[in-house]
Structures are given as structure tokens and as C-alpha cells.
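Structural overview for review
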Amino acid sequence: MKVKQSKIKIIKWTARLLALGLLLFSLPFYFGYGNPVPFLNPDYSFLDNLWLLIFPLVFISLALGWKFEKLAGGVCQESCRI
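Just so it is clear, the structure is predicted and the values come from calculations on it, not from any experiment.

**Examining the UniProt feature "domain: DUF7670" (unreviewed entry) in the protein**
Using the residue numbers shown here, the UniProt feature "domain: DUF7670" (unreviewed entry) corresponds to residues 6-73. A helix fraction of 75% and a strand fraction of 0% characterise residues 6-73, whose end C-alpha atoms lie 22 Å from each other.

Shown next, in the form of C-alpha cells:
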């Protein structure tokens, strides 16, 4: 049983570190895009505005995943359904 618990712990910390790396890599691109508020800039297409709505949900789910794995998975799954 201890071997199984240690493997689960390693998997959880690997997922947390990958999520942190993804956040640190992705957030500058999101904020560097310009104004991150969707439907504010008339030059953005509908698809651009849609991505500006989806990406914050993904970022929130990655941050929530540190403490609440199931809740974060649900938020990420729902953001992919949009």
C-alpha cells in the first residue's frame, strides 16, 4: 500500500509542476495579446473573443488543481465543451 501511495504522490506533484510550468509559459502570451477583456475591442473576431473567454477558465482550473483536483478537472472539462 505504501508503494501505491508514493506513486500517487509522485504523479500529483508531477501534474502540479507541469501545470505551474504551463501557467508561467502561457500567461505572458495571454496578457501580451493586447486587451484580455473579451468583446471590448471591435477589431477582434468572434473566434478571438471566444478564446479570450476560454483561456481564463483553463488558467483557473490549472491553479485550482493544486488543492482541488476534481473541481479543477470539472472546470477544465466544461471550458473545453464551449
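So that's the structure; there's more coming.
**Observations regarding the packing of aromatic side chains**
In total, this model carries seven aromatic pairs according to the counting rule given. Aromatic pair W13 and W66: ring centres 5.8 Å apart, planes at 80°, arrangement edge-to-face. Within this pair, whereas W13 is found in helix 1 (residues 2-32), its partner W66 is found in the loop between helix 2 (46-64) and helix 3 (69-81), the two being separated by 53 residues in sequence. Its relative accessible area of 40% is what places W13 among the partly exposed residues. The class of W66 is partly exposed, set by a relative accessible area of 30%.

**Details of a nonpolar patch on the surface**
There is a patch of nonpolar side chains on the surface, built from W13, L17, L20 and L24 and spanning about 420 Å² of accessible area. Here L20 is to be found in helix 1. Among the residues examined, L20 registers a relative accessible area of 35% and is labelled partly exposed.

**Points about helix 2**
Taking 1.5 Å of rise per residue, 19 residues should cover 27 Å, and helix 2 covers 28 Å from first to last C-alpha, within 8% of that figure. Taken residue by residue, helix 2 has N49, L52, I54, V58, F59, S61 and L62 as its buried positions. Its buried side turned inward, helix 2 meets helix 1 and helix 3.

**Regarding unusual backbone geometry**
Not every positive phi belongs to a glycine, and F39 is a case in point at roughly 65°. For F39, the position within the fold is in the loop between helix 1 and helix 2.

**A look at the UniProt feature "transmembrane region" (unreviewed entry) in the protein**
The feature "transmembrane region" (unreviewed entry), as given by UniProt, occupies residues 50-68 in the numbering adopted here. End C-alpha atoms of residues 50-68 are separated by 26 Å, and the span's content is 79% helix alongside 0% strand.

**With respect to the side chain of N49**
Assignment of secondary structure puts N49 in helix 2. Note on N49: relative accessible area 4%, which makes it buried. In this structure, N49 is in contact with P38, F39 and Y44, ignoring residues within four places of it in sequence.

**Some points on the confidence of the model for the protein**
Of the residues in the protein, 98% have a pLDDT of 70 or more, and the chain-wide mean is 84. Element-level mean pLDDT values for the protein span from 79 in helix 3 up to 87 in helix 1.

Procedures and definitions
Residues numbered from 1 in each chain as written. Predicted model: local features only at pLDDT ≥ 70, side-chain atom pairs only at ≥ 80, totals over all residues. Heavy atoms only, no water. UniProt positions renumbered as here; feature names shortened; annotations may be inferred. Helix = DSSP H or I, 4+ residues; strand = E, 2+ residues; numbered from the N terminus. Phe/Tyr/Trp six-rings, centres within 6.5 Å; stacked < 30°, edge-to-face > 60°. Buried < 20%, exposed > 50% of the residue type's maximum accessible area, 1.4 Å probe, protein only. Patch = residues over 30% accessible without salt bridge, like charges linked within 9 Å, V, L, I, M, F, W, Y side chains within 5 Å. Areas by Shrake-Rupley, 256 points an atom, 1.4 Å probe, with all protein chains shown as cover. Salt bridge = Lys/Arg side-chain N within 4 Å of Asp/Glu carboxyl O. Expected span 1.5 Å × (residues − 1). Contact = heavy atoms within 4.5 Å. pLDDT = per-residue confidence, 0-100.

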